[in-house]
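The chain contents come next:
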Amino acid sequence: MNALVRLGAWSLNGLRRLGRGFRFLLQVIWRLPGVVMQPRLFTAQLYSVGVLTTQIIAVSALSVGMVLGLQGYNTLVDFNAEASLGQMVALSLVRELGPVLTALLFAGRAGSALTAEIGLMKVTEQISAMEMMAVDPLRRVVAPRFLAGVISVPLLAALFSAIGVLGGYLAGVGLLGVDGGAYWSQMQAKVDFYEDIVNGVIKSMVFGFVASWIAVFEGYDAVPTTEGVSRATTRTVVHTAFAVLALDFVLTAIMFGD
Amino acid sequence: MDVDDLVILEDVHFSHGSRRILTGIDIRIPRGSVTTIMGPSGTGKTTLLRLIGGQLRPDAGRVVVDGHEVPALAREALFELRKRMGMMFQSGALFNDLNVFENVAFPLREHTRLPESMIRDLVLMKLHAVGLRGARDLMTSELSGGMARRVALARAIALDPMMIMYDEPFTGQDPITVGVIMQLIRRLNDALGLTSIIVSHDVAEVSAISDYLYVISEGRVLDHGPPEALSRSSSQWVQQFLQGRPDGPIPFHYPAPDYAEDLLGPERAS
């Protein structure tokens, strides 16, 4: 009986949070046009959320691309199909690994920082002070950060895929001796702009939206204590990971399911 | 209703979840005065300031500021009213991505379209008033606690408000800083024609600078009056609080079973 009560309380609490989250999202979206009026705030966020994340994206993409090249070669060579390595690497990256890994890395590097920053502004009463100065913190603090995340993730995902393809080239062509011309021409012939690239970009746009939403919401909704902020930061990373992986399955089923 | 009262709280009730914080508070704050609301920690003093600023809504009762019913105000009207209220938070609540100058300039930049030269003049005047004109280029992390509060004070008066609320302005400060802040509160109040509301439990300091005191505990006003009158209060509770006696109506011991029973009773065996 006790367990049932706890389950009920847990679900109710979850639903309540979800409701708060959606209301918060609408309020933030309502304020997005205002971000255009404060370009300096927005570009500062674009820098700290987007530009500062490029480093981890570049390093991870290079390593993922090289591993794909090595592993893909080992399988393809059994069928004498190692010339298709470029196609395999590119499709894996553009359709799946680029958007998904970028979103996960973004949550770890930028999302957690956004949550901690907004949460600490709450702890130190900065959000409260802003409200008392008749300045809307959703417009001044949250909206620029949210938009910066939404714009950054698809660009970072594109960067991830591009560097990953180069990594695959380095491993496959550079180390294992796959023909360079075949690597590029197979890729060019078999990767479809609409079917593969556009779908991948749509995925990364959805992930960017969800990852940024979770990050700013968790920060704004954090219990204003040291422990509260630490929990909120953890939740950002964990919830983003779950949300991205679940959404990836749904989107993949819709896009490539038939 | 007395038009000379800038802030009126009438039979205000407020609960946080199931916890009842305020149970029928009546407070009147006359224009031009320095009024202090005193009480032990956790009795809802900060809640009172948030009710006056419209960040919280009372469950029942009236909160009136300058003739406006605060809980009934729409968002825009509330924001207009807040532009005329300053607040100094306990921590200072300075924006740590901005330096001292930009912190004080923040409300001016948000709410006015003044040219840069005039913003500079205004900011330097406000900083001069709190004695920190020379600290304009420091980052907030380089400030001591007392300096941070003075910068917060300069920021609170940036828009020339009609009133300022101080949340625990003396807590955790050294004696010199306490003296500086005391003097600033009184001097700014009189020089700028403000109305000041202080929330504090530092009896000696607030008695020295306040025109009127309220003592609250457990969500009610226990007594109120000018400092001299309050020091002769007939309430045992108020006397204990003002003189800081360890025992009295607020017992030294947290409720516990009988001492002898506890030490020698049956529970000891295990």
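Every value quoted in this text rests on a predicted model; they were computed, and no experiment measured them.

Visitor: Give a detailed account of helix H7 (residues 180-190) of chain A, specifying residues and quantitative values.
Guide: All names here are of chain A. Taken together, the buried positions of H7 are Tyr183, Gln186 and Met187. Angular distribution of buried residues about the axis of H7 spans 100°; they occupy a single face of the element. Within H7, the exposed residues directed more than 90 degrees away from the buried face are Gly181, Gln188 and Ala189. If you follow the buried residues of H7, they end up packed against helix H4 (85-123) and helix H6 (137-175).

Visitor: I'd love a proper account of the packing of helix H8 (residues 193-221) of chain A against helix H9 (residues 226-256) of chain A, names of residues and values included.
Guide: Residue and element names in this part refer to chain A. At a minimum axis distance of 9 Å, the contact between H8 and H9 shows a crossing angle of 155°. Considering the angle they form, H8 stands roughly antiparallel to H9. The way H8 lies across H9 gives a crossing that is right-handed. Along its contact with H8, which presents Asn199, Lys203, Val206, Phe207, Val210, Ala211, Ile214, Ala215, Glu218 and Gly219, the element H9 presents Ala232, Arg235, Thr236, His239, Thr240, Ala243, Val244, Leu247, Asp248, Leu251 and Met255. A breakdown of the residues in the contact of H8 with H9 according to their chemical character gives twelve nonpolar, five polar and four charged.

Visitor: Please set out the domain arrangement of chain B residue by residue, giving values where relevant.
Guide: Put simply, an interface is often sized by how much accessible area is lost when its parts join up. All names here are of chain B. Domain boundaries in chain B define domain 1 (5-84 + 163-268) and domain 2 (95-160). Of note, the centres of domain 1 and domain 2, computed from C-alpha atoms alone, are 28 Å apart. Counting residues at the interface gives eleven residues for domain 1, matched by eleven residues for domain 2. The biggest single contributor to the side of domain 1 that touches domain 2 is helix H6 (residues 175-192), with six residues. A class-by-class count of the residues in the side of domain 1 that touches domain 2 yields seven nonpolar, three polar and one charged.

Visitor: Residue-level account of the interface of chain A and chain B, with values.
Guide: Taken together, the contacts link ten residues of chain A with 14 residues of chain B. Of the residues assigned to the side of chain A that touches chain B, the class counts are five nonpolar, three polar and two charged.

Visitor: So what about the packing of H4 of chain A against H9 of chain A? Which residues, and what values?
Guide: All names here are of chain A. Two elements in contact, H4 and H9, have axes separated by 8 Å at closest approach and are oriented at 150°. As far as their axial angle goes, H9 and H4 are roughly antiparallel. Seen along the crossing, H4 lies across H9 with a hand that is right-handed. Across the interface between the two elements, Val100, Ala103, Leu104, Ala107, Gly108, Gly111, Ser112, Thr115, Ala116, Gly119, Leu120 and Val123 from H4 touch Gly228, Val229, Ala232, Thr233, Thr236, Val237, Thr240, Ala241, Val244 and Asp248 from H9. Its residues placed into classes, the contact of H4 with H9 shows twelve nonpolar, nine polar and one charged.

Visitor: Go over the nonpolar core, please, and point to the residues and values.
Guide: Within the largest apolar cluster, 129 residues are counted, with the highest numbers of intra-cluster contacts made by Ala211 and Val216 of chain A. The biggest single contributor to this core is H4 of chain A, with 17 residues. Mapping this core onto the domain boundaries places at least three of its residues in each of domain 1 (5-84 + 163-268) and domain 2 (95-160) of chain B. Contacts of Ala211 of chain A, omitting those with residues within four sequence positions, involve Ala103, Phe106, Ala107, Gly111, Gly149, Val153, Thr240 and Val244 of chain A.

Basis of the calculations
Residues numbered from 1 in each chain as written. Chains lettered and ligands numbered in written order. Predicted model: local features only at pLDDT ≥ 70, side-chain atom pairs only at ≥ 80, totals over all residues. Buried ≥ 20, exposed ≤ 12 C-beta atoms within 10 Å, placed from the backbone. Helix = DSSP H or I, 4+ residues; strand = E, 2+ residues; numbered from the N terminus. Arc of directions from axis to C-beta. Contact = placed C-beta atoms within 7 Å. Axes fitted to C-alpha atoms, helices over the stretch in contact; angles between N-to-C directions. Parallel < 35°, antiparallel > 145°, perpendicular 65-115°, else oblique. Left-handed = near helix turned anticlockwise from the far one by under 90°. Nonpolar A, V, L, I, M, F, W, Y, C, P; charged D, E, K, R; others polar. Domains from an automatic or database assignment. Core = buried A, V, L, I, M, F, W, Y, C linked by C-beta atoms within 7 Å.

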